[in-house]
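Structural overview
Next come the chains, spelled out residue by residue.
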Amino acid sequence: MATPAQFRQALRVGPPGDIWHKPALSAVVTLGLLNLTLLALGRLDLALYTSAGGLGALYGHGLPYRARARTLAGVLLGTVLSTAAALTASALTRDAVVLVAVTAVLAALHKPGCDAARIGPPGSLIITFTTASCAFVPQHPADLPPHLALTALGAALAWLVGMTPALLRPYGPERIATARALEAAARLVRTAPGTPDAAARTALVGAVAAARQSLALSSPTRWRALGDAPERLLVHAERALVAPAGRGDGSAVAAVAERYQAWARDLRRGRPLPLLDLTEAEAAELRAHHSGQRPPLHRALRRALRRALGPGSALLPIGLRVAVGCAAAGWISLALGVGRPYWAVVTAASVFQANSTLSWQRALQRVLGNLIGLVLFTAVLPLAHSGQPAMIGLGLLCQFGAEATIVRSYWLATVFVTPMALLMTEFAGLQPARTLIADRWLDTCVGALTGLAACLLVTNRRTATRLSRALAAAETATREARAAVATAAAVGSGSLTARTGLATALLELREAADAATGEWRRPALPHRRTSDAEQHAHHLLAALLERRGSPDTP
């Protein structure tokens with residue numbers, strides 16, 4: 001049963017993201033160029049196909065440009081292939097029941113695939129939206145090559161727009177990732193005495209790991225521009241894990257926190273970085289870390305996909321949920337006489353999250369955002385019908401608004417997504433407003449309810465299995481770290497191995513615990529054992545860091 005606190009959490013509006021403007025501007029530039037070109041050619045009715053590829057500009061903005069080039073190319077290739085499958089199905093049959101089944105299967109492939117690859121926001125939903133839309137546009141076999149070429153053209157432009165900032169700030173993503181770690185250190189240092197800081201400590205461990213991953217994926221030329229200054233900053237950020245929060249007088253705590261924040265500001269603003277001093281043990285460990293062999297990106301990705309999609313994976317039941325929920329939503333929509341059942345399919349696909357609790361929260365957010373979005377669409381409809389340039393401009397404004405608010409709240413972003421989707425429908429020709437709004441609202445309710453029903457019907461007990469495995473791995477890493485603390489291995493190459501294993505196990509344990517806790521109809525979970533394992537892991541992590549060098553906190 002949902003509690004008032006869960007309702008408040010679902011509707012909470014958070015702070016803005018630190019790079020929200022990057023995907024927002026990239027999407028506006030890409031779609032603006034594509035749509036204005038089609039308008040000049042008098043073929044705005046083809047905007048669906050170019051947008052299918054152009055929306056790829058939303059992906060990859062947190063990755064270093066070397067990794068972004070490959071990841072974005074992979075996402076766009078997958079988009080083109082999915083669009084080709086949808087267009088082929090549309091050319092082969094007009095049977096809406098079959099088309100719903102095809103889009104449901106494609107959505108079921110998109111969700112676990114994107115989650116396993118950890119491609120980041122906006123995840124699989126954009127690909128599912130464009131694929132489902134294309135599947136329900138009537139096609140002739142002769143139309144497939146030109147329409148698919150338009151999708152490929154949009155994808156190529158999205159890739160170029162996504163890579164263009166590298167000309168101005170070639171190492172901007174690495175700087176931002178390092179700045180986030182320093183900001184997490186500042187938050188931990190400011191934690192009040194007596195306040196439980198396990199969440200802040202885990203956040204810092206995760207931010208440092210993400211920053212090191214970003215630096216590892218960076219171009220080799222980064223060394224000529226930045227040297228090892230970012231790595232040295234991360235070493236200092238880790239020192240915040242050594243001292244208990246709030247130790248020392250308030251002015252000293254504030255000074256340390258402000259130092260972290262000042263370094264983070266320098267990183268974000270592109271200023272020269274300080275070359276911080278390290279202890280002898282820290283410097284030796286940094287050299288050992290740099291000399292370690294890392295698997296190529298494509299090999300690491302294949303390993304991650306095998307682990308995430310192999311037998312026993314918790315993602316496989318989610319994929320089954322997507323298939324069942326999307327198919328049922330589309331078929332119910334057809335039975336109710338709705339002319340665009342793919343809206344119900346996309347709504348159902350948007351509901352499925354890592355666990356059932358997050359899924360019902362997403363359903364609530366989707367319904368609320370769509371309702372307000374329909375009111376907004378009704379308000380701007382007279383302006384949209386004043387001409388195609390106005391329609392394009394409103395669509396781009398809604399796209400910008402959606403990206404500006406998606407990090408703050410999903411329901412708030414959906415307020416802008418709804419009119420944007422309806423405006424895209426009208427690019428091919430004006431539609432009766434009352435029918436359009438009624439269909440959208442009905443499909444939203446059908447998709448949300450069907451998605452929640454699928455969560456109840458298709459259980460995901462594998463989240464508990466994943467937690468058990470993560471707990472066993474964390475306890476093994478804890479034993480190894482305890483042995484390292486008790487020996488000279490706490491200072492030297494053994495320290496790096498022990499701490500890396502402990503940090504990795506700690507992050508997986510927290511992620512697995514969060515996913516399992518929010519799942520319905522699952523076995524009892526070892527909450528106390530999980531809490532004890534996390535506490536011991538944090539204690540040993542601090543002990544290893546303290547043995548490595550002098551803390552930089554009061």
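Predicted model, so just to flag it, every value in this text is computed and none were measured.

Note that the residue after Pro 121, namely Pro 122, is joined by a cis bond; omega there is 5°. By secondary structure assignment, the location of Pro 122 is in the loop between α5 (96–117) and α6 (125–135). For Arg 118, which is not glycine, the phi dihedral falls at a positive 50°.

This part is about a nonpolar patch on the surface. Residues Ile 332, Leu 336 and Leu 442 make up a contiguous nonpolar surface patch of about 240 Å² in total accessible area. Following the sequence through the fold, Leu 336 ends up in the loop between α15 (315–335) and α16 (342–351).

With that out of the way, let us pick up the environment of Leu 34. Inspection of the secondary structure puts Leu 34 in helix α2 (residues 21–41). Judged by relative accessible area, which is 7%, Leu 34 ranks as buried. Residue contacts for Leu 34: discarding those within four places in its chain leaves Thr 50, Gly 54, Gly 154 and Leu 157.

Across all of its chains, the model carries zero disulfides by this definition. Sulfur of Cys 134: no disulfide; nearest cysteine sulfur belongs to Cys 326 and is 16 Å away. Look at Cys 134 and you get buried, because its relative accessible area is 0%. In this structure Cys 445 is a free cysteine whose sulfur lies 16 Å from that of Cys 326, the closest cysteine sulfur available. We classify Cys 445 as partly exposed; its relative accessible area is 23%.

A separate point is the nonpolar core. Counting residues in each nonpolar core, the largest one holds 70 residues, and the members touching the most others are Tyr 59, Val 322, Cys 326 and Phe 377. In this view, Cys 326 contacts Val 100, Ala 104, Ala 107, Arg 321, Val 345, Ala 348 and Ala 349; residues no more than four positions away in its chain are not counted. By size, the runner-up hydrophobic cluster in this structure holds 57 residues, among which are Ala 186, Ala 207, Val 208 and Ala 240.

By the definition in use, this model includes five aromatic pairs. Between Trp 20 and Phe 400, the aromatic rings sit 5.5 Å apart at their centres with planes inclined by 75°, giving edge-to-face as the arrangement. Linking Trp 20 in the loop between α1 (4–11) and α2 with Phe 400 in helix α18 (residues 388–405), this pair joins segments that are 380 residues apart in sequence. The class of Trp 20 is partly exposed, set by a relative accessible area of 26%. Classification of Phe 400 by relative accessible area gives partly exposed; the value is 29%. Judged by centre distance (5.7 Å) and plane angle (35°), the rings of Phe 136 and Tyr 342 are tilted. Placement of the pair is Phe 136 in the loop between α6 and α7 (144–163) and Tyr 342 in helix α16, with a sequence separation of 206 residues. There is no split in this pair, since Phe 136 and Tyr 342 are both buried. One Lys or Arg, Arg 440, reaches over the ring of Trp 343 and ends 5.2 Å from the middle of that ring.

Attention shifts here to the packing of α5 against α6. At their nearest, the axes of α5 and α6 sit 10 Å apart, and the two run at 165° to each other. As judged from the angle between their axes, α5 and α6 are roughly antiparallel. Here α5 and α6 pass one another in a crossing that is right-handed. From α5, Leu 99, Thr 103, Leu 106, Ala 107, His 110 and Cys 114 reach across to α6, where they touch Ile 127, Thr 128, Thr 131, Ala 132 and Ala 135. Residues that form the contact of α5 with α6 fall into these classes: seven nonpolar, four polar and no charged.

So, on to the confidence of the model for the protein. Of all residues in the protein, 91% attain a pLDDT of 70 or more, and the chain-wide mean is 88. Here helix α14 (residues 297–309) stands out as the element of the protein with the lowest mean pLDDT, 63, in contrast to α7, whose mean of 97 is the highest.

Rules and cut-offs
Residues numbered from 1 in each chain as written. Predicted model: local features only at pLDDT ≥ 70, side-chain atom pairs only at ≥ 80, totals over all residues. Heavy atoms only, no water. Helix = DSSP H or I, 4+ residues; strand = E, 2+ residues; numbered from the N terminus. Patch = residues over 30% accessible without salt bridge, like charges linked within 9 Å, V, L, I, M, F, W, Y side chains within 5 Å. Areas by Shrake-Rupley, 256 points an atom, 1.4 Å probe, with all protein chains shown as cover. Salt bridge = Lys/Arg side-chain N within 4 Å of Asp/Glu carboxyl O. Buried < 20%, exposed > 50% of the residue type's maximum accessible area, 1.4 Å probe, protein only. Contact = heavy atoms within 4.5 Å. Disulfide = S-S within 2.5 Å. Core = buried A, V, L, I, M, F, W, Y, C linked by side-chain atoms within 4.5 Å. Phe/Tyr/Trp six-rings, centres within 6.5 Å; stacked < 30°, edge-to-face > 60°. Lys NZ or Arg CZ within 6 Å of the ring centre and 35° of its normal. Axes fitted to C-alpha atoms, helices over the stretch in contact; angles between N-to-C directions. Parallel < 35°, antiparallel > 145°, perpendicular 65-115°, else oblique. Left-handed = near helix turned anticlockwise from the far one by under 90°. Nonpolar A, V, L, I, M, F, W, Y, C, P; charged D, E, K, R; others polar. pLDDT = per-residue confidence, 0-100.

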